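Structural characterization, general
This is what each chain is made of:
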Amino acid sequence: MSSIELTAKINKIIKFSNVDGPGNRMAIFFQGCNFNCEYCHNPETINICKNCYKCVDECPTNALYIEKEKVVWNDSLCCECDRCIKSCGFDASPKVKEYSVSQLVKEVAKVKAFIKGVTVSGGESTLQYKFITEFFKEIKKSWPNLTCFVDTNGSLDLEKDIYKEFVEVTDSFMLDVKAWNEEEHFKLTEKRVENVIKNLNFLKEIGKLFEVRTVVVQGKLNNRMTIKNVSEVIAKTDVRYKIIKYRHFGVREILQETLLPPTDKELEELESLAQKLEVKNTLII
Amino acid sequence: MILETIKSQKITFEQKVVTLARLAEGSIEVLNKSEALKKYIEDGIICDLFEGNAPYRPRYIVPDYDVFMQNGSKFLNLDKPTNIWEAVHGLLILYKHVPSITTMPVYLGNIDYLLEPFIKDESEAYLAIKLFLKHIDSTITDSFCHANIGPKETKAGLIILKVMRELELPTPNLTIKYAEETSDKIAVEAIQTALVTAKPSFANDKIFRDDFKGEYGIVSCYNGLKVGGGANTLVRVRLGALSKLASSKEEFLTKVLPEVSKEMLNYIDERSKFVIEESGFYESSFLVKEGLLEKEKFTGLFGFVGLAECVNNLLGATEKKDRFGYSEVAADLALEIVRSMSSLVQNHKTKYAGEFFGNTHLLHSQVGIDTDRNESPGCRIPVGEEPEIFEHIVQSAPFHQYCPSGIGDIFVFDETYKSNPEAILDIIKGAFETDMRFFSLYSDSCDVVRVTGYLVKRSEMEKLDKGEQVLRDTTILGKGARDNAKALGRKLRSE
Ligand code: SF4
Ligand code: SF4
Ligand code: SF4
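Cut-offs and rules
- Throughout, residues of each chain are indexed from 1 in the direction in which the sequence is written.
- Key to labels: chains lettered from A, ligands numbered from 1, both in the order written.
- At least 70 in pLDDT is required for a residue's local features to be given in this predicted model, at least 80 for side-chain atom pairs to be given and counted, and no such filter applies to totals for whole chains, interfaces and linings, which use all residues.
- As a convention, hydrogens and water are excluded, and side-chain values are obtained from all of the structure's heavy atoms.
- In this text, helices come from DSSP runs of H or I with a minimum length of four residues, and strands from runs of E with a minimum of two, each type numbered from the N-terminal end.
- This radius of gyration counts C-alpha atoms alone. The globule rule is 2.2 Å times how many residues there are, raised to the power 0.38.
- Only protein chains enter the accessibility calculation, which uses a 1.4 Å probe; a residue whose area is less than 20% of its type maximum is buried, one above 50% is exposed, and one in between is partly exposed.
- Surface exposure here means Shrake-Rupley accessible area, sampled with a 1.4 Å probe, where a residue is shielded only by the protein chains that are shown.
- The contact definition used throughout considers only heavy atoms, calling two residues in contact when any of these lie within 4.5 Å.
- The charge count includes Lys and Arg as positive and Asp and Glu as negative, but it does not include His or the ends of the chains.
- Where a charge sits is defined by one atom per residue type, namely NZ (Lys), CZ (Arg), CG (Asp) or CD (Glu).
- Ring pairs are drawn from Phe, Tyr and Trp, using the six-membered ring of Trp, whenever the two centres fall within 6.5 Å, and their geometry is named by plane angle: stacked under 30 degrees, edge-to-face over 60, tilted for the rest.
- Working rule: Lys NZ or Arg CZ, within 6 Å of ring centre, within 35 degrees of ring normal, means a charge sits over the ring.
- We call a residue near a molecule or strand when any one of its heavy atoms sits within 4 Å of it.
- In the scheme used here, Gly and all other residues not listed as nonpolar or charged are polar, with Ala, Val, Leu, Ile, Met, Phe, Trp, Tyr, Cys and Pro taken as nonpolar and Asp, Glu, Lys and Arg as charged.
- Helix axes are fitted to C-alpha atoms over the stretch in contact, other axes to C-alpha atoms as well, and angles between N-to-C directions run from 0 to 180 degrees.
- Each angle is binned into one of four classes, with values under 35 degrees roughly parallel, values over 145 roughly antiparallel, values of 65 to 115 roughly perpendicular, and all other values oblique.
- Helix crossings get a hand from a simple test, with the near helix turned counterclockwise from the far one by less than a right angle marking a left-handed crossing and a clockwise turn marking a right-handed one.
- A side-chain nitrogen of Lys or Arg and a carboxyl oxygen of Asp or Glu constitute a salt bridge if their distance falls within 4 Å.
- Put simply, buried Ala, Val, Leu, Ile, Met, Phe, Trp, Tyr and Cys residues joined by side-chain atoms within 4.5 Å make one nonpolar core.
- Regarding the arc, it is the one traced by the directions from the helix axis to the C-beta atoms.
- Whenever two N or O atoms come within 3.5 Å, that pair is a polar contact, provided that in protein one can donate a hydrogen and the other can accept it, and provided that, for residues adjacent in sequence, both atoms are side-chain atoms.
- One confidence number per residue, pLDDT, is output by the predictor and ranges from 0 to 100.
- Strand pairing follows a simple DSSP-based rule, namely that at least 2 bridges must link the two strands.

The next subject is the overall build of chain B. When you go through chain B residue by residue, the secondary structure sums to 20 helices and 16 strands. Taken over C-alpha atoms, the radius of gyration comes to 22 Å for chain B, in line with the 23 Å a tight globule of 495 residues would show. Its C-alpha atoms put chain B at 65 × 55 × 50 Å along the principal axes. Within the span of chain B, comprising 495 residues, buried residues form 61% of the whole. Surface accessibility of chain B: about 19100 Å² in total, with carbon and sulfur atoms responsible for 52%.

Written out as structure tokens, the structure reads:
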């Protein structure tokens, strides 16, 4: 391991999760994202706190305080009221903990008997690829039976040399394909789609694509086009296509009015389109 | 009371017959009870769970059905079965002659292993098994009746699970014995079935097999007993109520608990003695004569409920962080109490417990009865106070080793697990690696739900709410547990 131990900001750890890959998994949510999706369900994970202190006064239990000019969170005092998050106009959260690789490995040790593996998610986990590479290497060393999954928005070009080791040590990826059309993707996420599609093909080729997810929003997105194109890439493979119904839950309030959940009928039609295009494993949630 | 029973429109004919028999038995006094014991009974601290005043059959009977499959039965004039129809037919006849405290059998055998040799044509076997299970549900109208499958994957086992998913019936209760040799395939099928119909539960095969030196059966709620034997009686102590007699935890551990245990053990002896020496059961039952039962494989059960309330009382714990399920101090005290009880039980040698068990009774974490208030089942964390599932398992597991004849926790999972049943299997594997003995689950969307250890249909309880008759007497108990003990308010596990 590198001499200066790597650390990363983590927004949340769910010890037991059944929706982040195969079996029961420990899911680790990293802080920070390079997209800014309109429908983001955890917008407070997008930015890293800029220490403006605005939220500190809002906290009813004094769980937030300032130390060496930085906001510190004392989780044992926190009552989970989320007033801090609502008051932050910057899409950040003060409820973030810094973990070193070995501290995080200790968290895995507690639950190792109960899980099939770990999944890193976000925010956007791949932005911390160096940390994750070391973390996964440590896991494989201690518990070779645990699998290591990455949940990603696909924005980094994973074919590049610098990510080689990271991709190697990851057992499989879960990739969001939010839209296929360049303009639509840009409007939704403020980033280009090019790398996402490149990754879709690349990860499929190397057999490290566990699942693709598309969130379906009524009217706003050309869901059909996205699902058709993704389906053509993953047809006849074991890659699962998860078709996710957009829900208001967690989404920024001002955007809730402009985004509408699809009907169950639309979801079923999209699923049967994928099935017709020979996607073997589909799931609507 | 007799006339009231005779005239009742709320209970069925069978339920009337059983009630009348109980009233008759209750009208005589043949057991010796000490003054101290009588006081404990009066105060609701010791209770024999309505076993009656003159026990004329063991409480739980666990016949060795393999003997029947090999020999048939002279008494019942049945030959050894040679095909699937004769096999289910023979078993159904035999079941009607297996007594218990409920009058109906509490154990039906490892039904997959019993039927597997007869499975030639799978579609025929499917029909035979479907009729078999339907027949059991409609005639053994009490879901303390329990069948076992596993640990090996069998064709019969897979068919049984499929049929149970389709029928969604509360009887029989079912447990899968889970071991390393259990395939993931049948384990996942079992979980998918449990998410629809609240069974099977999972038994940690290795722990039970070690404790019972080989074959064991899971019977009634989740009681582990020796195949070919059973339990003559089950008497229990309400630890929550008992704890109020002590002014400190020291006094509880050194005085109150040993005193009550002595009375309990003597009472278990006294009841067993009547079954063994007076009732004539072991001399007259064809099950004994034909080798399906052996007196020496019977023991007595020392049950307890309300560990959580006991510990919280003794510690004066009102805040969540100090209570059983959350605080380490509470967990340590609880373990000390269970350990003391366990050694009190083991050190009591008696000729009224079978040689197989070294002439000792067994400790049993009892699930409670419908009229219990303020006593949680056995070692369980009170419903509504459960911590996150991981903490819950880690907190519960250490108690499981002390209760060979049964202990268990129930977990309720939400719909999302139906698309990832493997996640539950991972949790069960971890729980068993942490030495949990028994794990039950159901989904919040089931009609059939697990109350404390037995199963009922929500829709049937609703019938009772309206004053209508129901087929199964367990529904009445379920309604009581729901109303008095919030038994259906368990924490929902999601994500
Ligand atoms: S990629 Fe995910 S975390 Fe990032 S903004 Fe979009 S939805 Fe939010
Ligand atoms: S979380 Fe937001 S409001 Fe609070 S200090 Fe950081 S940037 Fe400011
Ligand atoms: S959620 Fe935020 S505001 Fe609320 S108690 Fe916790 S730290 Fe304070």
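Structure's up, so let's keep going.
As a further point, take the overall build of chain A. Each helix and strand in chain A was counted, giving nine helices and 11 strands. Here chain A has a C-alpha radius of gyration of 19 Å; the compact-globule value for 285 residues is 19 Å, and the two agree. When its C-alpha atoms are laid out on the principal axes, chain A stretches across 55 × 45 × 35 Å. In chain A, buried positions account for 53% of the 285 residues. Sequence separation of at least 24 residues holds for 68% of the intrachain contacts in chain A that already meet a minimum separation of 6. Total accessible area on chain A is roughly 13500 Å²; 50% of this is exposed by carbon and sulfur atoms. The average position of the 42 basic charges and that of the 42 acidic charges among the side chains of chain A differ by 3 Å.

This next bit is on the packing of aromatic side chains. Per the stated rule, a full pass over the model turns up 28 aromatic pairs over all chains. Put simply, the rings of Phe208, Phe212, Tyr216, Phe356 and Phe357 of chain B touch in pairs and so form one group of aromatic residues. The lysine or arginine in question, lysine 50 of chain A, covers the ring of phenylalanine 90 of chain A, its NZ or CZ lying 4.3 Å from the ring centre. Over the aromatic face of phenylalanine 356 of chain B sits the side chain of lysine 213 of chain B, whose NZ or CZ is 4.5 Å from the ring centroid.

Okay, the site of ligand 3 next. Around ligand 3, 14 residues are found, and the nearest of them are Cys59, Cys78, Cys81, Asp82 and Cys84 of chain A. In terms of residue class, the shell around ligand 3 is made up of nine nonpolar, one polar and four charged.

Residues and elements named next belong to chain A. Relative orientation of the contacting elements helix H7 (residues 223–234) and helix H9 (residues 264–276) amounts to 25°, with a least axis distance of 9 Å. Between H7 and H9, the angle falls in the class roughly parallel. In terms of crossing hand, the pair formed by H7 and H9 is right-handed. Across from Asn223, Arg224, Ile227, Lys228 and Ser231 in H7, the residues of H9 making contact are Glu266, Leu270, Leu273 and Ala274. Its residues assigned to classes, the contact of H7 with H9 comprises four nonpolar, two polar and three charged.

Moving on: the pattern of salt bridges. All names here are of chain B. The tally for this structure, following the rule as stated, stands at 53 salt bridges over all chains. Between glutamate 166 and lysine 130 there is a salt bridge, with its nearest N and O atoms 3.2 Å apart. With a gap of 36 residues between them, glutamate 166 in helix H8 (residues 155–167) and lysine 130 in helix H7 (residues 122–139) connect regions that are remote in the sequence. Using a relative accessible area of 38% as the deciding quantity, one classes glutamate 166 as partly exposed.

Once that is clear, we can look at the nonpolar core. Counting 190 residues, the largest nonpolar core has Phe135 of chain A together with Phe202 and Phe439 of chain B as its most contacted members. Leaving out residues up to four positions away in the same chain, phenylalanine 135 of chain A has contacts with Ile28, Val101, Leu104, Val105, Val108, Val118 and Val120 of chain A. In this structure, Ile46, Met264, Phe304 and Leu335 of chain B belong to the second largest nonpolar core, which totals 44 residues.

Now for the interface of chain B and chain A. The interface is formed by 19 residues belonging to chain B together with 17 residues belonging to chain A. The interface formed by chain B and chain A holds two salt bridges in total. A salt bridge links glutamate 391 of chain B to lysine 15 of chain A, with the shortest nitrogen-to-oxygen separation between them at 3.3 Å. Where the side of chain B that touches chain A is concerned, the elements lending two or more residues are helix H17 (389–400) and helix H18 (421–433) of chain B. By residue class, the composition of the side of chain B that touches chain A is eight nonpolar, five polar and six charged.

The next thing to look at is helix H5 (residues 182–189) of chain A. Residue and element names in this part refer to chain A. Considered for burial, the residues of H5 that qualify are Glu184, His185, Leu188 and Thr189. An end-on view of H5 places all buried positions within 105° of arc, on one side of the element. Exposed side chains of H5 directed beyond 90 degrees from the buried face belong to Glu183 and Lys187. Buried residues in H5 make contact with helix H6 (194–205) and H7. At the N-terminal end of H5, a side-chain oxygen is found 2.9 Å from the backbone nitrogen of glutamate 183, two or three residues along, and the residue is asparagine 181. Positive backbone phi, at 70°, marks glutamate 190, one or two positions downstream of H5.

This part takes up the site of ligand 1. Contacts to ligand 1 come from Cys33, Phe35, Asn36, Cys37, Cys40, Ile46, Gly123, Asn153 and Lys178 of chain A. When its residues are assigned to classes, the shell around ligand 1 shows five nonpolar, three polar and one charged.

Our focus in this paragraph is the environment of lysine 486 of chain B. All names here are of chain B. With respect to the element layout, lysine 486 can be found in the loop between helix H20 (474–485) and strand E16 (492–493). Sequence separation of lysine 486 and proline 382 is 104 residues, and the distance between their C-alpha atoms is 9.5 Å. Apart from residues no more than four positions distant in its own chain, lysine 486 is found in contact with Val383 and Ala481.

Attention now goes to the confidence of the model for chain B. Mean pLDDT over chain B works out to 93, with 99% of the residues at or above the 70 mark. Prediction confidence for the complex, expressed as pTM and ipTM, is 0.92 and 0.90 respectively.

Residues and elements named next belong to chain B. Neither face of strand E8 (residues 223–226) is open: one carries Asn223 and Leu225, the other Gly224 and Lys226, and all of them are buried. Pairing geometry for strand E7 (residues 216–219) and E8, over four bridges, is antiparallel. From the neighbouring strand, tyrosine 216 faces E8, where its bridge partner is lysine 226.

The next thing to look at is the sheet that holds strand E4 (residues 146–149) of chain B. All names here are of chain B. Pairing in this open sheet of seven strands is mixed, and the strands run E3-E4-E5-E6-E13-E12-E16 from one edge to the other. Strand pairing shows two members of the sheet lacking a second neighbour, strand E3 (107–110) and E16, which therefore form its edges. Judged from the four bridges that link them, strand E5 (residues 173–178) and strand E6 (residues 201–204) form a sheet pairing that is parallel. By the bridge assignment, isoleucine 176 is partnered in E6 with phenylalanine 202. H17 rests against strand E12 (409–413), strand E13 (438–443) and E16 of the sheet, and its axis sits at about 160° to E12.

In this section: unusual backbone geometry. Residue and element names in this part refer to chain B. A cis amide bond links glycine 150 to the next residue, proline 151, at an omega of 5°. Mapped onto the fold, proline 151 is located in the loop between E4 and H8. In the segment running from threonine 171 into proline 172, the intervening peptide bond is cis, with an omega of 0°. Note on placement: proline 172 falls in the loop between H8 and E5. Positive phi, close to 55°, is recorded for asparagine 77, a residue that is not glycine. Turning to its location among the elements, asparagine 77 is positioned in the loop between helix H4 (65–71) and helix H5 (84–95). With a phi close to 75°, threonine 103 is a non-glycine residue in the positive phi region. With respect to the helices, strands and loops of the structure, threonine 103 is situated in the loop between H5 and E3.

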